[in-house]
Amino acid sequence: MSAGETVVVGLGSDLRGDDAAGLAVARLLAGLHGDAPPPGVAVEACGDAAALVEAWSGAALAIVVDAVRTGAPPGTVHHRLPSLPVPLPAPLPVEGWHGGTHSLGLVDAVDLARALGRLPGELVVVGIEGGDFTPGAPMTPPVLAAVRRTARELRERLSRERRAGRRR
């Protein structure tokens with residue numbers, strides 16, 4: 001990744017129902033179903049949070065989208081960390097992302113990146129509340145609707161900010 005770029009990373013597993021939410025947002029943004037991502041925006045889909053360290057290395061802004069479990073209704077979109085300063089506070093003040101259904105959770109990846117000195121310049125985390133993480137289950141309708149809405153809103157925001165000449 002070129003320094004100064006923005007990367008959107010979808011995190012999750014296609015094999016566990018609503019856990020695929022982050023991956024689905026990334027695929028929609030990557031243009032697998034139409035439009036290409038906005039100029040200067042890279043899109044990555046990661047099956048494991050450990051891959052985040054490489055995906056966001058050198059990025060000025062990293063936006064990570066992942067499924068979460070906080071007890072809110074499925075399909076709720078959480079912008080719990082609208083913008084985190086770097087260096088990030090320790091411990092990272094996030095619940096619902098720690099451990100996830102991946103081998104490492106998002107918080108674990110942030111801790112690893114901090115230790116390696118490979119955090120992005122700025123980190124934004126978007127969580128989509130999942131309801132069914134059963135192996136082999138499809139994404140539930142409220143989560144699928146939230147995925148489409150989140151991808152659309154991210155594309156619009158990033159396109160608008162790029163047109164305005166802002167970094168993100």
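No experiment lies behind these values; they were computed from the predicted model shown.

With that settled, consider helix 3 (residues 106-116). Side chains three or four residues apart in an α-helix point the same way, a direct result of the helix having 3.6 residues per turn. Buried within helix 3 are the following residues: Leu 106, Val 107, Ala 109, Val 110 and Ala 113. In a view along the axis of helix 3, the buried residues occupy a sector of 160°, so they form one face of it. Facing away from the buried side of helix 3 by over 90 degrees, the exposed positions are Ala 115 and Leu 116. The inward-facing, buried residues of helix 3 abut helix 2 (52-55), strand 3 (61-68) and strand 5 (122-129). One or two steps after helix 3, the chain reaches Gly 117, where phi turns positive at roughly 70°.

Looking now at the nonpolar core. In a soluble, globular protein the nonpolar side chains are often hidden away together inside. Core analysis: the biggest nonpolar cluster contains 22 residues, and Val 8, Val 25, Ile 63, Val 65, Ile 128, Val 147 and Leu 154 have the highest contact counts within it. Elements that contribute at least two residues to this core include exactly helix 1 (21-30), strand 2 (41-46), strand 3, strand 5 and helix 4 (141-163). In terms of residue count, helix 4 provides more of this core than any other element does, 6 residues in total. If we ignore the near neighbours within four places in the chain, the residues touching Val 8 are Leu 29, Val 41, Ala 42, Val 43, Glu 44, Ile 63, Val 65, Leu 154 and Leu 158.

Let us look at the confidence of the model for the chain. The pLDDT averaged across the chain works out to 81; a share of 78% of its residues lies at or above 70. Averaged pLDDT values over the elements of the chain bottom out at 61 in strand 4 (residues 77-84) and peak at 94 in helix 1.

Tallying each qualifying case throughout the model produces 3 salt bridges. The partner of Arg 27 in a salt bridge is Asp 14, with the nearest N and O atoms 2.7 Å apart. Placement of the pair is Arg 27 in helix 1 and Asp 14 in the loop between strand 1 (6-11) and helix 1, with a sequence separation of 13 residues. Under the relative-accessibility criterion, Arg 27 is labelled partly exposed at 28%. The salt bridge involving Asp 111 is made with Arg 114; its shortest N-O contact spans 3.2 Å. Taken together, the positions of Asp 111 and Arg 114, both in helix 3 and 3 residues apart, correspond to about one turn of that helix. Given the relative accessible area of 33%, Asp 111 is considered partly exposed. Using a relative accessible area of 28% as the deciding quantity, one classes Arg 114 as partly exposed.

Our next topic: the pairing of strand 5. Of all 8 residues in strand 5, 8 are buried, a share of seventy percent or more. Neither face of strand 5 is exposed, since Glu 122, Val 124, Val 126 and Ile 128 on one face and Leu 123, Val 125, Gly 127 and Glu 129 on the opposite face are all buried. Two strands pair when backbone bridges link them, and strand 3 and strand 5 are joined in this way by 8 bridges, in the parallel orientation. By the bridge assignment, Asp 66 is partnered in strand 5 with Gly 127.

Turning to the environment of Leu 52, a few remarks are in order. With respect to the element layout, Leu 52 can be found in helix 2. Remark: the alpha-carbon pair of Leu 52 and Leu 112, spanning 60 residues in sequence, is separated by 9.7 Å.

The next thing to look at is helix 4. Relative to the 33 Å expected for 23 residues at 1.5 Å per residue, helix 4 spans 33 Å between its end C-alpha atoms, a close match to the ideal helical length. When helix 4 is considered as a whole, its buried residues turn out to be Val 143, Ala 146, Val 147, Thr 150, Ala 151, Leu 154, Arg 155, Leu 158, Ser 159 and Glu 161.

So, how was this worked out
Residues numbered from 1 in each chain as written. Predicted model: local features only at pLDDT ≥ 70, side-chain atom pairs only at ≥ 80, totals over all residues. Heavy atoms only, no water. Buried < 20%, exposed > 50% of the residue type's maximum accessible area, 1.4 Å probe, protein only. Helix = DSSP H or I, 4+ residues; strand = E, 2+ residues; numbered from the N terminus. Arc of directions from axis to C-beta. Contact = heavy atoms within 4.5 Å. Core = buried A, V, L, I, M, F, W, Y, C linked by side-chain atoms within 4.5 Å. pLDDT = per-residue confidence, 0-100. Salt bridge = Lys/Arg side-chain N within 4 Å of Asp/Glu carboxyl O. Pairing = 2+ DSSP bridges. Expected span 1.5 Å × (residues − 1).

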